[in-house]
Amino acid sequence: MGMNSTPAGERVHIGFFGRRNAGKSSVVNAVTGQELAVVSDTKGTTTDPVYKTMELLPMGPVMIIDTPGFDDEGELGQLRIKKTRQVLNKTDVAVLVVDASEGIGSCEQQLIDLFTEKEIPYLIVMNKSDVIAAPAEAKPQEVWVSALTGAGIYELKERIAGLSVTDQPKQKLVGDLIHPGDFVLLVTPIDKAAPKGRLILPQQQTIRDILDTDATAIVVKENGLADTLASLGKKPSMVITDSQVFAKVSAETPENIPLTSFSILMARYKGLLETAVKGVAAVEQLKDGDRILIAEGCTHHRQCNDIGTVKIPNWLRKYTGVELKIDTCSGTEFPEDLSPYALVIHCGGCMLGEREVRYRMKCAIDQGVPITNYGIVIAYMQGILKRSIAIFPSLVASLDGGNDDAQ
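For clarity, every value in this text was computed on a predicted model and none was experimentally measured. (Residues numbered from 1 in each chain as written. Predicted model: local features only at pLDDT ≥ 70, side-chain atom pairs only at ≥ 80, totals over all residues. Heavy atoms only, no water.)

The subject of this paragraph is the packing of aromatic side chains. By the definition in use, this model includes three aromatic pairs. Note on Phe115 and Tyr122: the rings are 5.5 Å apart at their centroids and 40° apart in plane angle, and the pair reads as tilted. No difference in accessibility class separates Phe115 from Tyr122, as the two residues are buried. Geometrically, the ring pair formed by Tyr319 and Tyr380 is edge-to-face, given 6.1 Å between the ring centres and 65° between the ring planes. Separated by 61 residues along the polypeptide, Tyr319 in helix H10 (residues 307-320) and Tyr380 in helix H12 (residues 374-381) bring together distant segments of the chain. Note on Tyr380: relative accessible area 2%, which makes it buried. Taken together, the ring pairs in this structure connect Phe17, Phe115 and Tyr122 into an aromatic cluster. Geometry around Tyr359 places Lys90 over its ring, the cationic atom sitting 4.5 Å from the centre. Positioned above the aromatic ring of Phe183, the side-chain terminus of Lys234 is 4.5 Å from the ring centre. (Phe/Tyr/Trp six-rings, centres within 6.5 Å; stacked < 30°, edge-to-face > 60°. Buried < 20%, exposed > 50% of the residue type's maximum accessible area, 1.4 Å probe, protein only. Helix = DSSP H or I, 4+ residues; strand = E, 2+ residues; numbered from the N terminus. Lys NZ or Arg CZ within 6 Å of the ring centre and 35° of its normal.)

Each strand in a sheet pairs with another by means of backbone hydrogen bonds, the pair being arranged parallel or else antiparallel. Strands sit in the order S2-S3-S1-S4-S5-S6 across an open sheet of six strands; the sheet is mixed. Of all strands in the sheet, those with a lone pairing partner are strand S2 (50-56) and strand S6 (142-144), marking the two edges. Between one strand axis and the next, the sheet turns through 25° on average, direction left out of account. Taken together, the five bridges between strand S1 (residues 12-18) and strand S3 (residues 60-66) define a ladder with parallel strand orientation. Residue pairing across strands places Gly15 opposite Ile65, the latter belonging to S3. In this fold helix H3 (residues 106-117) packs onto S1, strand S4 (93-99) and strand S5 (122-127), with an angle of close to 170° to the strand it touches most, S4. (Pairing = 2+ DSSP bridges. Axes fitted to C-alpha atoms, helices over the stretch in contact; angles between N-to-C directions. Contact = heavy atoms within 4.5 Å.)

Time to look at the sheet that holds strand S12 (residues 325-330). Spatially, four strands are ordered S12-S11-S13-S14 in an open sheet, and the strand pairing comes out parallel. Only two strands of the sheet have a single neighbouring strand rather than two, namely S12 and strand S14 (371-373). The sheet shows a mean angle of 25° between the axes of neighbouring strands, taken without regard to direction. Here six bridges tie strand S11 (residues 291-296) to S12, and the two strands are oriented parallel to one another. Each residue of the ladder has a partner; that of Ala295, found in S12, is Cys329.

The subject of this paragraph is the environment of Asp48. Structurally, Asp48 is set in the loop between helix H1 (24-32) and S2. Taking the C-alpha atoms as reference points, Asp48 and Ile65, separated by 17 residues in sequence, lie 10.0 Å from one another.

This next bit is on the nonpolar core. Ile312, Leu316, Leu338, Ile345 and Leu385 are the most contacted members of the largest nonpolar core, which totals 73 residues. Top contributing element to this core by residue count: H12, with seven residues. Excluding residues that lie within four positions of it along the chain, Leu316 makes contacts with Val283, Leu286, Ile292, Gly321, Leu324, Ile326, Ile345 and Met381. Counting residues in each nonpolar core, the second largest holds 24 residues, with Val31, Ile64, Leu156 and Ile160 among its members. (Core = buried A, V, L, I, M, F, W, Y, C linked by side-chain atoms within 4.5 Å.)

Let us now look at the pattern of salt bridges. The full count for this structure, using the stated rule, is 15 salt bridges. A salt bridge links Asp176 to Arg268; the shortest N-O distance between them is 2.7 Å. In this pair, Asp176 is assigned in the loop between helix H4 (153-164) and strand S7 (183-187) and Arg268 in helix H8 (residues 262-269), connecting sequence segments 92 residues apart. Asp176 gets classed as partly exposed once you look at its relative accessible area, which sits at 45%. Salt bridges linked by common partners bring Arg85, Glu117, Lys118 and Asp366 together as one network. (Salt bridge = Lys/Arg side-chain N within 4 Å of Asp/Glu carboxyl O.)

The next thing to look at is the pairing of S11. The buried fraction of S11 amounts to five of the six residues, a majority that puts the element mostly inside the structure. In this sheet, strand S13 (residues 341-346) lies alongside S11 in parallel orientation, the contact comprising five bridges. Counted as the bridge partner of Ile294 is Ile345 from S13.

This brings us to the packing of helix H2 (residues 78-88) against H3. Remark: H2 packs on H3, axes separated minimally by 11 Å, with the N-to-C direction vectors making an angle of 40°. As summarised for this structure, H2 and H3 are arranged oblique, according to the angle between their axes. Between H2 and H3 lies a crossing of right-handed hand. Between H2, through Ile81, Thr84, Arg85 and Leu88, and H3, the contact on the second element is made entirely by Gln110, Leu111, Leu114, Phe115 and Glu117. When the residues that make up the contact of H2 with H3 are grouped by side-chain class, the tally is five nonpolar, two polar and two charged. (Parallel < 35°, antiparallel > 145°, perpendicular 65-115°, else oblique. Left-handed = near helix turned anticlockwise from the far one by under 90°. Nonpolar A, V, L, I, M, F, W, Y, C, P; charged D, E, K, R; others polar.)

Okay, here's the thing in structure tokens:
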């Protein structure tokens, strides 16, 4: 597996934090075994986080994030906290470098509080242990090192590797909702937006997941759904549809068959579903002049009736009846400042790593901006969201009787 073939979304992201004189850059260089960061005597040489992809044994492919050193003023300024939160939104393991001769001050404590709030596993590295003798018993989250002599650096790498391994089983797209032998019916419109000669990624991944569960995937276009249901002879355990034909599929699928969409399954898979279901209620509060950001993960060339730039804006204007300003962004361009927006509507995110999707979600939550996604906003406006998330009863309870009751 070549270095370049591991997507950033799959790499463990390790963030290094610390005061300007704690020797953070030297620790980063000692851990990575290469001159990664600028080490200099002038205060604050690094002003932006430095991102560097590399192989780090015993972990494998990682992304090292070296953040600017903090001043010694004790308190972190507002802007600094905002920047730190943005880096933390991308961080899997945080490493806080402390000058052992000075110990932990209010500045470090603020960082530890941020790690805790963001639920990020962290280590406190007591550096300059060549000058200060390490205590007989280091605290559980502490590692004593000397960037100068290399003492403790190997142990530090082992500890980082230990923190980056999670025991959580990988979330399945749909496999945990079905049983071996089940029939699962997939409705995939083949329109101008479908790639030539193949299916889009979420559909491929869903089919693969169904087969891995030893269930049967039956794939039809939307105009073949009714006939297929009639001729199956066995009730499918679930129908999964492309959001664009949600209304038609809902009308043709008997109420006793669970129905959901690829987009909703993908949102759950990426950890976005709950936030997206809560965020969709903001559609009801939209008023004239509100700005909406429609964000797409991939950069495929847009079709004339493209879902993000044409369909959703049209449905939104029709549903709300208000004048909306709509901005769109695609690929990796996602604005850091979301404050101008009344709502962010994100695509399913199949081309983005789970971390990038979560990062965008956390940015919105941090700034108090509701965020939802394509499939959920479409199901909501068509009055079938309740039905499409009925397979997740706890989520249905969180919908405060939106417009579904009108159905």
